[in-house]
Amino acid sequence: MKPPAPAHACAIVLVLLPLLAVLQTTCAQKNAIDIYSLTVDSRVSSRFAHTVITSRVVNRADSMQEATFQMELPKKAFITNFSMIIDGVMYPGNIKQKDAAQKQYSAAVARGESAGLVKATGRKMEQFQVSVSVAPSAKVTFELVYEELLKRRLGVYELLLKVQPRQLVKHLQMDIHIFEPQGISFLETESTFMTNELADALTISQNQTKAHIRFKPTLSQQQKSAEQQDTVVDGNLIIRYDVNRTLSGGSIQIENGYFVHYFAPEGLSMIPKNVIFVIDTSGSMMGKKIRQTREALIKILEDLRPEDHFNLISFSREATQWKPSLVPASTQNVEEAKKYANSIKAQGGTNINDAMLMAVQLLDTATREEQLPSGSVSLFLLLTDGDPTVGETNPTKIQKNVQEAIGGQYSLFCLGFGFDVSYAFLEKLALDNGGLARRIYEDSDSALQLQDFYQEVANPLLTAVTFEYPSNAVEEVTQDNFRLFFKGSEMVVAGKLRAQSPEVLSAIVSGQLPMENITFQMESQVAKQEEEFQKPKYIFHGFMERLWAYLTIHQLLERMVSASDADKQALETQALGLSLNYSFVTPLTSMVVTKPEGQEQSQVAEKPMENGVNFSKAGVSLYARVHDLPSKTVGTPGLNAPVLYRYTSRKLDPDLRIPSRKGFLANPLLASSSSGGPTILDDYLDETMEETSPTAPPPAPIQAPTVILPLPGQSTDQLCVDIKRTPGPLLLLLSDPDQGLEVTGEYKMEKAQFSWIEVTFKNPQLQVHVSPEHVVVTRGRRSSEYKWKETLFVVMPGLTMTMDKAGLLLLSSPDKVTIGLLSWDGLGEGLRLLLRDTDRFSSHVDGILGRFYQGVLWGPPDTTDDSKRTLRARGFDFDATRELKLDYQEGTPGTEISCWSVAL
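What you see is a predicted model, and the numbers here were worked out from it, not measured in a lab.

*Asks:* How should I be thinking about the sheet that holds strand 31 (residues 517–525) in this particular structure?
*Replies:* If you walk across this open sheet you meet the 4 strands as 28-26-30-31, and the pairing is antiparallel. What marks the edges here is a single partner per strand, and that holds for strand 28 (481–486) and strand 31. Neighbour to neighbour, the strand axes of the sheet diverge by 30° on average, direction disregarded.

Here it is, written out as structure tokens:
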């Protein structure tokens, strides 16, 4: 932390994230710049979101202060306006062609001013920032507007908003209005900052076609405690929803002379797919990357359907195929492939060219010899983390080779692992071949990112989809033909109606199923649709024209990636014209922010590109001081003295020795593992160094039991259950078909703790999988990872999921048993299960724990020892002993309780 600055040098940083503002104070006078009002109005009309953020601040100091307005917005969004009102004078942002703003930008840089206002931050967000000097007692109003089209992914639309005020705000209010003429079928809110105290500040109202989410906390609700003036509001607010659909031509909506056609029919069967996984196993994938790739690949293989065909190609210096040809996804083949995937090691260079040409040849041969199902879809999934270094290394030549080999027959999807990969190279490679590219971020959930991307393309429903509209009714239509339509996605076509268009707008959507062509027909009454969007006051009027422009610009920018030089200029001219006409900050335009005279005049906001961002990957150093290690070592025998070890994520010292439980290892790139492959550095860094001592500490006399069960029919007594033997590691803990609930777990006897516990609900369809490392929540085909002891508040139809800072995860519903999951780090540490409202179990409850809620009979106390009784459950007798145990249900350090203890 920096020391307090003098009053005249005080810097206040106001950070406004997609909905809220962050105020960081770096001067002695705290909150000199005070946010007294912060409002967010986000209006989603037919998937198109228009968000206005208004922040009002006042300088309460007696000297000039500098406030930096900083916010995050989604990467796919376009800023459309930013303005400041200072002393009653408005200072707007002017959007210009990038070249026109370049002179001002360069002049500011020459003066040493920080001119860039927008930069990429995180996976899905970009950061906007602007500074202004504020006179004593002066007030400033900041207003920022951005727009985005919400994309349907894995069955839902998602509106992501970041919330970080970092100070108490007197008037803090967020309003999200959603209007969907098709009808809202599902609505869910998720927050990583919501607490039980803040829950009352969140209200959700919904009818058939509209929803309103309001967050309006009072000062006391925002405050961490009576002693602390800091705010608890710090994290993400996410709204997810979907709309009603039928097996039809979709929904055509019309407003102010423009239309949008949403197409995502229900009820179609999946088309068999032929997929070749092309996996980079070069040395740069060593460590966590290759482990996560193996984990994801095994899960992906499990999701293949019997009618699918597949193969695997791993490549480093050379490419190696798992089987000589594609094979059906039978149980036996999938199990063999999983073993192969589990055995892949990382070493060598990166030969992308040969690997891709080998994959294309495999599909060509299978197609030519008619080995694949008729009407099936063929695709490649390429995963790599670096540039080509072996064989053909010219990216342009590789792109040309692959495109010529594929010849428009198959689709290629590219996954770029980490920041070292050339994303621009992969994006063009994918777009040239009818696919798309995605960056996989290096994090604990990288395996889930891989799985989720696969789920997006794993279920093709239609091929060769085309949209047709009468030429006398429609002009200037966005992309109207698509190679593939996947389950859980949506196709969107927008256009402009002609001045003298018919009263009824008709559309024909055609596509191909495995054995036949299919046609959908749709009609929409123009006047009726126009009227529907004119009435509601809560929608952003004129949005459909802007939606058309937004979608057109995005598609033009995408086409520019794979266009020839001659075509690229025409596409750029068209996209630039739309960007300027509709005041969008796109990669082709810049916004010059004006300020009062005498302050910096040349700050420029520009739109960064995923494939053009210079992501820096800072080296991370890890130091470990080791004392009195055993003299037996690997690579360096006889070493006993204390040694300082250093590891950086960028470079490996060839003289580096890594401590392990067995002594020391030489540089893991040079040493060999027990299996003969290269040793993975991360594997050794993860190991725990333990100091030996002559005497072990005495065991704790009282520990937490495996499970504590509230006894049926009693309000205070509890049953403490310890697992001493099991028929196997996998256990059915609870099952209640009437409640649509099942709880399973894997119990390791040698560690006397659960490896994982999994809770599955049928309605809503939800699975929560917890391990000591993290919490994974799967809804439908979407998976999200959360860390223990981070706040979480999810409200979905029929279920609420919360987690607090103590690590207690609760799954509750008004008519269901409440299930609690806890990462317990007290005595007897490990995963713990909690149950509340157990009177809601039905008469069909079962499982090794569920049987204690079915006709339990207690025998009389033992004649010689009244602390012992017999308990009968489902025909089995258990010896129960009155004992002291550690109650984990209220969190660490726990409290001693007396309970009836039984061993399973």
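*Asks:* Sorry, what's going on with empty space enclosed by the protein here?
*Replies:* Take a probe with the size of a water molecule and roll it over the atoms, and the empty space left behind shows itself. The full count for this structure, using the stated rule, is 3 cavities of 30 Å³ or more. Looking at the largest cavity, its volume works out to about 80 Å³. Secondary-structure elements contributing two or more residues to the lining of the largest cavity are strand 19 (273–280), helix 4 (288–302) and strand 23 (377–384). Per-element accounting of the lining of the largest cavity gives the leading share, 4 residues, to helix 4. Residues that form the lining of the largest cavity fall into these classes: 10 nonpolar, 1 polar and no charged.

*Asks:* How do you make sense of the pairing of strand 7 (residues 89–97) when you look at a structure like this?
*Replies:* The side chains of a regular strand alternate, first on one face of the sheet and then on the other. Sheet analysis places strand 6 (residues 78–86) next to strand 7, joined by 4 bridges and oriented antiparallel. Of the residues in strand 7, the one forming a bridge with S83 is P92. Turn length for the strand 6-strand 7 hairpin, with the two strands adjacent in sequence and antiparallel, is 2 residues, and the turn residue D87 shows positive phi of about 55°. Pairing of strand 7 with strand 32 (residues 589–593) involves 5 bridges; the strand directions are antiparallel.

*Asks:* Quick question: what am I supposed to make of the pattern of salt bridges here?
*Replies:* Two side chains with opposite charge may pair up if their charged atoms get near one another. Following the criterion strictly, the structure yields 34 salt bridges and no others. Across the pair E456 and R153 runs a salt bridge, and its minimum N-O distance is 2.7 Å. In this pair, E456 is assigned in helix 9 (residues 446–457) and R153 in the loop between strand 10 (139–149) and strand 11 (157–163), connecting sequence segments 303 residues apart. With a relative accessible area of 15%, E456 lands in the buried category. Judged by its relative accessible area of 30%, R153 falls in the partly exposed class. Note that E158 is salt-bridged to R240, the shortest N-O span being 3.0 Å. Of the two residues, E158 is situated in strand 11 and R240 in strand 16 (residues 235–243); the sequence distance between them amounts to 82 residues.

Rules and cut-offs
Residues numbered from 1 in each chain as written. Predicted model: local features only at pLDDT ≥ 70, side-chain atom pairs only at ≥ 80, totals over all residues. Heavy atoms only, no water. Pairing = 2+ DSSP bridges. Helix = DSSP H or I, 4+ residues; strand = E, 2+ residues; numbered from the N terminus. Axes fitted to C-alpha atoms, helices over the stretch in contact; angles between N-to-C directions. 1 Å grid on protein atoms, 1.4 Å probe; cavity = no way out; pocket = protein on both sides within 12 Å on 5 of 7 lines; lining within 4 Å. Points joined across faces, edges and corners; volume = space filled by probe spheres on them. Nonpolar A, V, L, I, M, F, W, Y, C, P; charged D, E, K, R; others polar. Salt bridge = Lys/Arg side-chain N within 4 Å of Asp/Glu carboxyl O. Buried < 20%, exposed > 50% of the residue type's maximum accessible area, 1.4 Å probe, protein only.

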